[in-house]
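Given next are the chains, with one letter for each unit.
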Amino acid sequence: CWYNTTFSYNLDICRIQDVSRCKTDAVNVIDCTGITMQDFTIGKVSSVCGESAFRYLEAAIHDAIEHKISAIVTAPLNKEALHLAGHNYAGHTEILADLTDTKDYSMMLWSDKLKTIHVTTHCSLREACDRCKKDRIVRVTRLAAQTLLQAGINHYRIAVAGLNPHAGENGLFGTEETEEILPAIRQLQSEGINAEGPFPPDTVYLRCYKGEFDLVVSMYHDQGHIPLKLLAFHDGINMTVGLPFIRTSVDHGTAFDIAGKNIARPDSMLQAIKAALRF
């Protein structure tokens, strides 16, 4: 097997055409594209690999919808390779939502130390500000509450972060908190969802980390990613919530600079697999 030869792993790899033929004592591989080591270079961006990544995910989604598998756990995806192959998605999350026709979904980062869900993700910061609307905040926070309950956290507390410095300081530094975020929180509370805020973004993650809250609703990508990766880079995971099946993933990128060197840490992937089993 080229995989064992290339990476010096002693693995029993079983190539199959359908999950029904999986062997319990082997690493089972469904070969969707017939790609070989002669078709790409390890650690280099390639349209061939971008196409393969899309086709493997597409096949996994199909099997999950058909209830042939219970969950999908994804490795990191190189967006440049994906785009070179003609699949102009921002990432896994958007592909999963599109191919399952899911309208209400969100990216959630999960770790024992900190949990956060995102109102906006892969877009410019300027566009993210425009997307932080009441209805979106309500839908995302509902998904957060459902996920916490699914994980067995019945008496949860959700903190909603502000968008602006100091959560707007009563309109001095922006009006999104009073016009969009606070009305969303009031609606959620009327539905029985235990959500509070909006809280200043520079302190709310520390409060969650110390146990005052179970999860923070982040308004944009880096607002949530920076604190979680600072606190739990190696054991945090990425989840797409709102899909008709469970999907977890690592919370890091492809790291092409160390690809093929057998020095990458497996911690996040192991946690992603464990989380898929938990949910």
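The paragraphs below set out a description of the structure included in this document. Note that the structure is a prediction, hence the values are computed from the model and not measured.

**Some remarks on the pairing of strand S4 (residues 106–110)**
Move 1: For S4, the tally of buried residues reaches five of five residues, placing the bulk of the element in the interior.
Move 2: Residues Ser106, Met108 and Trp110 point to one face of S4 and Met107 and Leu109 to the other, with burial holding for every one of them.
Move 3: Direction of pairing for S4 relative to strand S9 (residues 237–241): antiparallel, over a ladder of five bridges. Among the inter-strand pairings, serine 106 is bridged to a residue of S9, identified as valine 241.
Move 4: Pairing between S4 and strand S5 (residues 115–118): three bridges, direction antiparallel. What sits directly across from methionine 108, in S5, is isoleucine 117.
Move 5: Between S4 and S5, which pair antiparallel in sequence order, lie four residues.

**Examining the sheet that holds strand S10 (residues 246–250)**
Strand-to-strand pairing in sheets goes through backbone hydrogen bonds, with the strands running parallel or antiparallel.
Move 1: Spatial strand order, S3-S10-S9-S4-S5-S8-S6-S7: eight strands in an open sheet with mixed pairing. Every other strand in the sheet has two partners, leaving strand S3 (71–74) and strand S7 (195–199) as the edge strands with one partner each. Looking at each pair of strands side by side, their axes are set apart by 25° on average, direction ignored.
Move 2: Pairing of S9 with S10 involves three bridges; the strand directions are antiparallel. Among the inter-strand pairings, methionine 239 is bridged to a residue of S10, identified as threonine 248.

**So, a nonpolar patch on the surface**
Move 1: On the surface, Tyr9, Leu11, Val27 and Val29 cluster together into a nonpolar patch covering about 280 Å² of accessible area.
Move 2: Among the structural elements, tyrosine 9 can be located in the loop between helix H1 (2–7) and strand S1 (13–16).
Move 3: By relative accessible area, tyrosine 9 is classed as partly exposed at 33%.

**What to know about the packing of aromatic side chains**
Move 1: One pass over the full model with this rule turns up three aromatic pairs.
Move 2: Taken together, a centroid distance of 6.2 Å and an interplanar angle of 20° make the contact between phenylalanine 54 and tyrosine 89 stacked. Remark: tyrosine 89 occurs in the loop between helix H3 (79–84) and helix H4 (92–99) and phenylalanine 54 occurs in helix H2 (residues 47–65); sequence separation between them is 35 residues.
Move 3: Exposure remark for tyrosine 89: the relative accessible area of 18% places this residue in the buried category.
Move 4: With a centroid separation of 5.3 Å and an interplanar angle of 45°, the aromatic rings of phenylalanine 199 and phenylalanine 213 are classed as tilted. In this pair, phenylalanine 199 sits in strand S7 while phenylalanine 213 sits in the loop between helix H8 (201–209) and strand S8 (215–218), placing the two residues 14 residues apart along the sequence.
Move 5: A relative accessible area of 14% places phenylalanine 199 in the buried class.
Move 6: The exposure class of phenylalanine 213 is buried, given its relative accessible area of 3%.
Move 7: The positively charged end of lysine 115 is found above the aromatic ring belonging to tryptophan 110, 4.9 Å away from the centroid.

**Considerations on the nonpolar core**
As a rule of thumb, soluble globular proteins bury nonpolar side chains together.
Move 1: Of all hydrophobic cores here, the largest spans 35 residues; its most connected members are Met108, Trp110, Ile117, Ile158, Leu215, Val217 and Met219.
Move 2: Of all the secondary-structure elements, those providing two or more residues to this core are S4, helix H6 (134–150), strand S6 (158–161), helix H7 (176–190), S8, S9 and helix H10 (267–278).
Move 3: Of the residues forming this core, the biggest block, seven residues, is contributed by H6.
Move 4: The contact partners of leucine 215, leaving out residues within four places of it in the chain, are Met108, Lys115, Thr116, Ile117, Ala144, Leu148, Arg157, Ile158, Ala159 and Cys208.
Move 5: Ranked by size, the runner-up nonpolar core spans 13 residues in total, among them Ala64, Leu77, Leu243 and Phe245.

**Focus: the packing of H8 against helix H9 (residues 221–232)**
For any two helices packed against each other, one specifies the inter-axial angle together with the distance between the axes.
Move 1: Taken N-terminus to C-terminus, the directions of H8 and H9 make an angle of 40°; their axes are 11 Å apart at the nearest point. Judged on the interaxial angle alone, H9 and H8 are oblique. With respect to the hand of their crossing, H8 and H9 are arranged in right-handed fashion. For the pair formed by H8 and H9, the contact residues are Pro201, Tyr205 and Tyr209 on the first element and Gln223, Gly224, Pro227 and Leu231 on the second.
Move 2: In terms of residue class, the contact of H8 with H9 is built from five nonpolar, two polar and no charged.

About the cut-offs
- Residues numbered from 1 in each chain as written.
- Predicted model: local features only at pLDDT ≥ 70, side-chain atom pairs only at ≥ 80, totals over all residues.
- Heavy atoms only, no water.
- Buried < 20%, exposed > 50% of the residue type's maximum accessible area, 1.4 Å probe, protein only.
- Helix = DSSP H or I, 4+ residues; strand = E, 2+ residues; numbered from the N terminus.
- Pairing = 2+ DSSP bridges.
- Axes fitted to C-alpha atoms, helices over the stretch in contact; angles between N-to-C directions.
- Patch = residues over 30% accessible without salt bridge, like charges linked within 9 Å, V, L, I, M, F, W, Y side chains within 5 Å.
- Areas by Shrake-Rupley, 256 points an atom, 1.4 Å probe, with all protein chains shown as cover.
- Salt bridge = Lys/Arg side-chain N within 4 Å of Asp/Glu carboxyl O.
- Phe/Tyr/Trp six-rings, centres within 6.5 Å; stacked < 30°, edge-to-face > 60°.
- Lys NZ or Arg CZ within 6 Å of the ring centre and 35° of its normal.
- Core = buried A, V, L, I, M, F, W, Y, C linked by side-chain atoms within 4.5 Å.
- Contact = heavy atoms within 4.5 Å.
- Parallel < 35°, antiparallel > 145°, perpendicular 65-115°, else oblique.
- Left-handed = near helix turned anticlockwise from the far one by under 90°.
- Nonpolar A, V, L, I, M, F, W, Y, C, P; charged D, E, K, R; others polar.

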